[in-house]
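Listed here are the chains, written in short residue letters.
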Amino acid sequence: MRTFITIFIMTIALTAFSLPQQRKGDDKISRENEEEFKYLTEQFADSKILRYLVPGFENLSLKQKTLVYYLSQAALSGRDITYDQNYKSNLLIRTTLEAIYRDYTGDRKSEEFKKFVVYLKRVWFCNGIHHHYSTDKFLPEFSREYFSTLISATPSGSLPLAKKQENGQFIAEMTDLIFNPEVAPKRVSLDPSGDLILNSASNFYEGVKQVEAEEFYTKMKKEAKKNKMDTLISFGLNSKLVRENGKIVEKTYKTGGLYTQAIEQIVLWLKKALTVTETPEQNDAVKKLIAYYESGNLKTWDEYNIAWVKDLNSLVDFVNGFIEVYGDPMAMKGSWESIVNFKDVEATKRTEILSNNAQWFEDNSPVAPEFKKKTVKGVTAKVITVAQLGGESDPTTPIGVNLPNANWIRKEYGSKSVTMDNITDAYDKASQGNGFLEEFAFSAEEVKRSKEFGHLAGNLTTDLHECLGHGSGQLNHGVGADALKNYHSTIEESRADLFALYYISDPMLVKLGLVTNEEVAKAEYDSYIRNGLMTQLVRIHPGKNIEESHMRDRALIAHWVYEKGKSKKIIAKVTRDGKTYFRINDYEGLRAEFGELLKIIQQITSEGDYKAALELVETYGVQVDPELHKEVLKRYERLNIAPYTGFINPQYSLVKKNGVIVDVKIAYPVDFAKQMLFYSKRYSFLPVR
Ligand code: ZN
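## Thoughts on the overall build of the protein chain
And then number 1: Scanning the protein chain from terminus to terminus reveals 25 helices and 16 strands.
And then number 2: Relative to a compact globule of 689 residues, whose C-alpha radius of gyration would be 26 Å, the protein chain shows 24 Å and is just as compact.
And then number 3: Projected onto the principal axes, the alpha-carbon positions of the protein chain cover approximately 70 × 65 × 60 Å.
And then number 4: Summed over all atoms, the accessible surface of the protein chain reaches about 27,000 Å², with 51% contributed by carbon and sulfur.
And then number 5: Of the side-chain charges in the protein chain, 91 are positive and 92 negative, and the distance between the mean point of each set is 3 Å.

Structure follows, in structure tokens:
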């Protein structure tokens, strides 16, 4: 499970930011030595591109650096999988667009060509032709006719034509895929009135209806039970469900199976990583991950996860696999991703305090006793420095992750929760002085509070969300993790958010020394309410509803507490000079509302109450007030800020002497398009057709 940054990003007061020592060794960087590190590199459509620093990389041992290098290669090797999982024609489309970008012989300075470049950048940004957040298909701003001239002026040897395909046929095929709004209009449809699978373009099912997929897995679980096999495995997590010769079968992602060309590369780098692991536990985990990729066996996947949770002493750590299920409307199939990182030892002291007290938080939550964990096992939380993003987590990334996702492993062995401080740091630095906070905050007092405490409040909320929230509570016997289907992700995120919101103003945090005064919690409440009721709407197109799970979660919570607290005037809606603001009158009352909703949501989760989840999400988390929406968009437009952020990864290279690795260098590229083209050239392993 993962946390994304909210649209509200605090602008923090900073003294001039100087470069950390460890970056001086790098050629590229040493030239701009005393200058400020350039975080924001460009903006296009609704997106901006940032770079992130990897402070502390130079201080790692050679062995640790080498491990980061091998794992970063494994992370990049799965890139194509993400494109293909998102939509079956994404690789074909990307390859075509890149060929034009590279080899088109016509005018590259025209307005039309610029529009083409923006479209390609959006495809890179979203790992396909659907918006990474709304999951709607986005269309190019250039015309079909222009697209046809682009193809005609690109050498056909560069284009991924099918066998015996004429240029004209190719143009027709690609035009339909790219321009036709009826073809694959949505990547993930969560609309319960239609067939979730047939209405979703994501590539986890083919020729299979929702009811057939449900039957398939119900039967599989029943058989497993009957044969006394493991019924706890995450059924369907690493496969595509297809109809073949009239029969429905699973195509497993593994070496020798689906995506073998990419998985073989991942395994190759993991095997190299085995030679430089830091601890026996880490070695064991990597071995099991390799065994899983080679067998496709989900029981081995669970064994790997257990081994991974037990590896607590390695500084370098990583995520690599088919993990999050947000891309599947049925919340069963894992999207491939990788995040390579190492522990920020100093900052981790903050999260260790939380995890050491996990049981206290569980015992004292407002949740009904029967839904609480009697013993919270090994919630380990750390602050990490991200070194490489890959797959679904690249170029857009979460800011916090809590894994593994399997509930039974979390319950019995615990989970690892991370907060990605160098990523949130890049967000903060890049957003300084963009005027967003000043525009939407009700008062100068709120602005000041946010500048002083917003950064800490945000990080603490992420810590609480990931390290305690997701790990809290338990399911009733017999309730499966997929019981809430299309509402699962929203409810799960709400549960973790509410846990964090409830506790951020708890005196316990002061007692633990994590918070010095009540302004921290107030800063978080201000920003959460403002975002959930108002500012996150900047991400929604006029006339659309809220679709993405984390956004639904935030809307649900903010609207619920706003409505429930109306009679007590907990939150006031204020209009000033024709602009809408939300002001919190009663912070303690608000906290009580958060607690009340947490109780309800935990019950829904524990009981797997689909109907209650539907009602709650559809009532509070989906609808948009069109008048307020219009106003917010207008106010936002004047600020000229792109609401979505993607990242350029650092680039690692081995330094060898007489064939022996003597160092690993890190560089910070500045050109997003160049990095994307480099990745496509170097790490394209899957067939395009
Ligand atoms: Zn989460």
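Structure shown, so let's carry the discussion forward.
## A short note on the coordination of the zinc ion
Put simply, a metal with four donors set out as a tetrahedron has ideal angles of 109.5 degrees, and one with six donors set out as an octahedron has ideal angles of 90 or 180 degrees.
And then number 1: Here the zinc ion is held by H465 (NE2), H470 (NE2) and E493 (OE), and the distances to it run 2.0 to 2.1 Å.
And then number 2: Sequence spacing of the donor residues for the zinc ion, all on one chain, is H-x4-H-x22-E.
And then number 3: When its relative accessible area of 2% is taken as the criterion, H470 is described as buried.

## Let's talk about the pairing of strand β11 (residues 415-420)
And then number 1: Among the six residues that make up β11, six are buried, leaving the element largely enclosed by the rest of the structure.
And then number 2: Burial of β11 is two-sided: the residues S415, S417 and T419 facing one way and the residues K416, V418 and M420 facing the other way are all buried.
And then number 3: In terms of strand pairing, strand β9 (residues 379-391) meets β11 through six bridges, oriented parallel. What sits directly across from A381, in β11, is S417.
And then number 4: Relative to β11, strand β10 (residues 400-403) runs antiparallel, the two sharing four bridges. Bridge pairing links G400 to T419 in β11.

## Digging into the packing of aromatic side chains
And then number 1: Summed over the entire model, instances satisfying the criterion amount to 44 aromatic pairs.
And then number 2: For the ring pair Y253 and F322, a centre distance of 4.5 Å and an interplane angle of 35° mean the geometry is tilted. Placement of the pair is Y253 in the loop between β6 (247-252) and α9 (260-274) and F322 in strand β7 (residues 316-324), with a sequence separation of 69 residues.
And then number 3: For Y253, a relative accessible area of 1% translates into the label buried.
And then number 4: Centre to centre, the rings of F361 and Y503 are 4.7 Å apart; their planes meet at 90°, and the pair counts as edge-to-face. Taken together, the residues span a long stretch of sequence, with F361 in helix α13 (residues 358-363) and Y503 in helix α18 (residues 488-504) at a distance of 142 residues. There is no split in this pair, since F361 and Y503 are both buried.
And then number 5: Among the aromatic residues, ring-to-ring pairing joins Y104, F113, F116, Y119, F138, F142, Y146, F147 and F179 into one connected group.
And then number 6: Lying across the ring of Y133, R539 places its NZ or CZ 4.5 Å from the centre.
And then number 7: Stacked on the ring of Y581, the Lys or Arg R635 has its end atom at 5.0 Å from the ring centre.

## Remarks on the sheet that holds strand β3 (residues 47-51)
And then number 1: Strand order in this open sheet of three strands is β2-β3-β14, and the pairing throughout is mixed. A strand with exactly one partner marks an edge of an open sheet, and here the two such strands are β2 (40-44) and β14 (644-648). Adjacent strand axes in the sheet meet at a mean angle of 25° when their direction is disregarded.
And then number 2: Sheet contacts for helix α5 (residues 111-126): β2, β3 and β14; angle to β2, the most-contacted strand, approximately 115°.

## Focus on the pattern of salt bridges
And then number 1: With the rule as written, the count across this model stands at 42 salt bridges.
And then number 2: In this structure, the salt-bridge partner of E173 is R689, at a minimum N-O distance of 3.0 Å. Taken together, the residues E173 in helix α7 (residues 167-179) and R689 in the segment after α25 (672-682) connect sequence positions 516 residues apart.
And then number 3: Overall, the relative accessible area of 24% leaves E173 in the partly exposed class.
And then number 4: Using a relative accessible area of 43% as the deciding quantity, one classes R689 as partly exposed.
And then number 5: The closest approach of N and O atoms between D463 and R350, which form a salt bridge, is 2.7 Å. Here R350 lies in helix α12 (residues 345-356) and D463 lies in helix α17 (residues 444-469), a separation of 113 residues in the sequence.
And then number 6: Note on D463: relative accessible area 0%, which makes it buried.

## Here's the deal with the sheet that holds β10
And then number 1: Strand order in the open sheet formed by six strands is β1-β10-β11-β9-β8-β7, and the pairing between neighbours is mixed. Of all strands in the sheet, those with a lone pairing partner are β1 (2-3) and β7, marking the two edges.
And then number 2: Relative to β10, β1 is paired through two bridges, and the arrangement is antiparallel. Each bridged residue has a counterpart across the sheet, and for R2 the counterpart in β10 is V401.
And then number 3: The strands that helix α15 (residues 421-431) touches are β9 and β11; relative to β9, the one it contacts most, it runs at about 65°.

## Topic: empty space enclosed by the protein
And then number 1: In this structure the tally under the stated criterion is ten cavities of 30 Å³ or more.
And then number 2: By volume, the largest cavity is sized at about 440 Å³.
And then number 3: Considering the residues around the largest cavity, the lining is formed by 28 residues, among which H132, R187, Y326, G327 and E392 are closest to the centre.
And then number 4: Residue composition of the lining of the largest cavity, grouped by class: nine nonpolar, twelve polar and seven charged.

## Focus on the pairing of β2
And then number 1: Sheet topology places β2 next to β3; four bridges connect them, and they run antiparallel. Bridge pairing links L40 to L50 in β3.

## A word on the layout of surface pockets
And then number 1: Put simply, the second largest pocket is a space of about 710 Å³.
And then number 2: Taken together, 29 residues make up the lining of the second largest pocket; nearest its centre are D46, V538, R539, I540 and H541.
And then number 3: For the lining of the second largest pocket, the element with the highest residue contribution is helix α24 (residues 626-637), accounting for three residues.
And then number 4: Its residues assigned to classes, the lining of the second largest pocket comprises 14 nonpolar, six polar and nine charged.

## Focus: unusual backbone geometry
And then number 1: Looking along the chain, the bond that leaves D394 and enters P395 is cis, with omega of 0°.
And then number 2: Note that P395 resides in the loop between β9 and β10.
And then number 3: Residue L403 is joined to P404 through a cis peptide bond whose omega torsion reads 0°.
And then number 4: Here P404 lies in the loop between β10 and α14 (407-413).
And then number 5: Although it is not a glycine, N640 sits at a positive phi angle of roughly 55°.
And then number 6: Within the secondary structure, N640 is located in the loop between α24 and β14.
And then number 7: Of note, N658 is a non-glycine position whose phi angle comes to about 50°, a positive value.
And then number 8: Looking at where N658 falls in the secondary structure, it is placed in the loop between β15 (651-657) and β16 (660-667).

Conventions adopted
- Numbering of residues starts from 1 in each chain and follows the order in which that chain's sequence is written.
- Residues qualify for local features only when their pLDDT is at least 70, as the model is predicted, and side-chain atom pairs are given and counted only at 80 or more; totals for whole chains, interfaces and linings, by contrast, use all residues.
- The side-chain numbers reported here are obtained from all heavy atoms of the structure, hydrogens and water having been left aside.
- Secondary structure elements are defined from DSSP: runs of H or I of at least 4 residues count as helices, runs of E of at least 2 residues count as strands, and each element is numbered from the N terminus.
- For a compact globule the rule gives 2.2 Å times the number of residues to the power 0.38, and the radius of gyration it is set against comes from C-alpha atoms.
- The Shrake-Rupley method, run with a 1.4 Å probe sphere, supplies the accessible areas, and residue values consider only the shown protein chains as cover.
- Neither His nor the chain ends is counted toward charge; the positive residues are Lys and Arg and the negative residues Asp and Glu.
- Note on charges: their place is set at NZ of Lys, CZ of Arg, CG of Asp or CD of Glu.
- Atoms of type N, O and S within 2.8 Å of a metal are treated as its donors, and for Na, K and Ca the window is 3.2 Å; water is not considered, so some sites may appear to be missing partners.
- Between buried and exposed lies partly exposed: a residue is buried under 20% and exposed over 50% of the maximum accessible area for its type, with that area taken using a 1.4 Å probe on protein chains only.
- Pairing between strands requires that DSSP locate at least two bridges from one strand to the other.
- Only Phe, Tyr and Trp rings take part, Trp by its six-membered ring, and two of them pair if their centres are within 6.5 Å. Stacked means planes under 30 degrees apart, edge-to-face means over 60, and tilted covers everything else.
- In this scheme, Lys NZ or Arg CZ marks a charge over a ring once it lies within 6 Å of the ring centre and within 35 degrees of the ring normal.
- Fitted lines through C-alpha atoms give the axes, limited to the stretch in contact for helices. The angle between two N-to-C directions lies from 0 to 180 degrees.
- Any two residues whose heavy atoms approach within 4.5 Å at even a single point are treated as in contact.
- Any Lys or Arg side-chain nitrogen located within 4 Å of an Asp or Glu carboxyl oxygen qualifies as a salt bridge.
- Only protein atoms enter the calculation, which uses a 1 Å grid: trapped sets of points that fit a 1.4 Å probe without letting it out are cavities, open sets showing protein on both sides within 12 Å along at least five of seven lines are pockets, and any residue with an atom within 4 Å of a point is a lining residue.
- Grid points are joined across faces, edges and corners, and a volume is the space filled by probe spheres set on the points.
- Residues are grouped as follows: nonpolar covers Ala, Val, Leu, Ile, Met, Phe, Trp, Tyr, Cys and Pro; charged covers Asp, Glu, Lys and Arg; every other residue, Gly included, is treated as polar.

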